[in-house]
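Here is what each chain is made of, one letter per residue.
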Amino acid sequence: MSEKIIKQKEAEVDALAEKFGKAKGIVLVDYRGMSVAEDTALRNALRKESVEYKVIKNRIMLRAFDKAGYKGFEEVLQGTSAVAISYDDPVTPAKLLSENAKKINKTKLKGGVVEGNIMDEKQIAAVANIPSKMTLLSQLVGLLTSPMRSLAVAVSEVAKKNA
């Protein structure tokens, strides 16, 4: 390999390692068997949620993971691999890729990293079932306001009886 190509690959590994370091959620997926239309629909859905999706050579991803401090991806990075990276919500890439895998039954989750924790395909699938951050916050607000609402109703009923 020429010196120029080696430098290009090193720069690619460095850039990818930097992205992995900043990411809150990284999911690896086997995309084998997807049609162009299915792949385009998946990319559009991921893009809408601000998730970066790329097909990158396994060797480059492995070196980037090692450089970012994530070890143990040798077995995961076999065959066809694509990576989805989210910098905002750690659950979104897992959720979207899991939904896609169920819908078209061609893709397969391989593993990834969520909030700095290395996860296998089963753990990523479990993360995909977690409700979104906004849903969890809504549920929390509902739980917090429920006792206050009950108290207000009780006080109101007492006031009506005394009036």
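For the structure given in this document, a descriptive report is provided here. Because the structure is a prediction, the values reported are computed rather than measured.

## Some remarks on the packing of aromatic side chains
Both the distance between ring centres and the angle between the ring planes are used here to describe each pair of aromatic rings. Under the criterion given, the structure shown has 3 aromatic pairs. Ring centres 6.3 Å apart and planes at 70° place the aromatic pair Phe65 and Tyr70 in the edge-to-face group. Each member of the pair, Phe65 together with Tyr70, is buried. Between Phe65 and Phe73, the ring centres sit 4.0 Å apart and the planes meet at 10°, which makes this aromatic pair stacked. The residues Phe65 and Phe73 share a single accessibility class, namely buried.

## Some details on a nonpolar patch on the surface
A cluster of nonpolar side chains, Met134, Leu137, Leu140 and Leu144, forms an exposed patch at the surface whose accessible area comes to about 410 Å². Examined against the element boundaries, Met134 turns out to sit in helix α6 (residues 133–162).

## Some thoughts on unusual backbone geometry
A negative phi angle is the norm for most residues apart from glycine, just as the trans form is the norm for most peptide bonds. For Ser50, which is not a glycine, the phi torsion comes out positive at approximately 60°. Tracing the chain through its elements places Ser50 in the loop between α2 (36–48) and β2 (51–55). For Ser50, a relative accessible area of 46% translates into the label partly exposed. Phi is positive for Glu115, which is not a glycine, with a value near 50°. By the element assignment, Glu115 lies in the loop between β4 (108–114) and β5 (117–120).

Calculation criteria
- Residues numbered from 1 in each chain as written.
- Predicted model: local features only at pLDDT ≥ 70, side-chain atom pairs only at ≥ 80, totals over all residues.
- Heavy atoms only, no water.
- Phe/Tyr/Trp six-rings, centres within 6.5 Å; stacked < 30°, edge-to-face > 60°.
- Buried < 20%, exposed > 50% of the residue type's maximum accessible area, 1.4 Å probe, protein only.
- Patch = residues over 30% accessible without salt bridge, like charges linked within 9 Å, V, L, I, M, F, W, Y side chains within 5 Å.
- Areas by Shrake-Rupley, 256 points an atom, 1.4 Å probe, with all protein chains shown as cover.
- Salt bridge = Lys/Arg side-chain N within 4 Å of Asp/Glu carboxyl O.
- Helix = DSSP H or I, 4+ residues; strand = E, 2+ residues; numbered from the N terminus.

Purely geometric stuff here, so don't read any function into it on its own.
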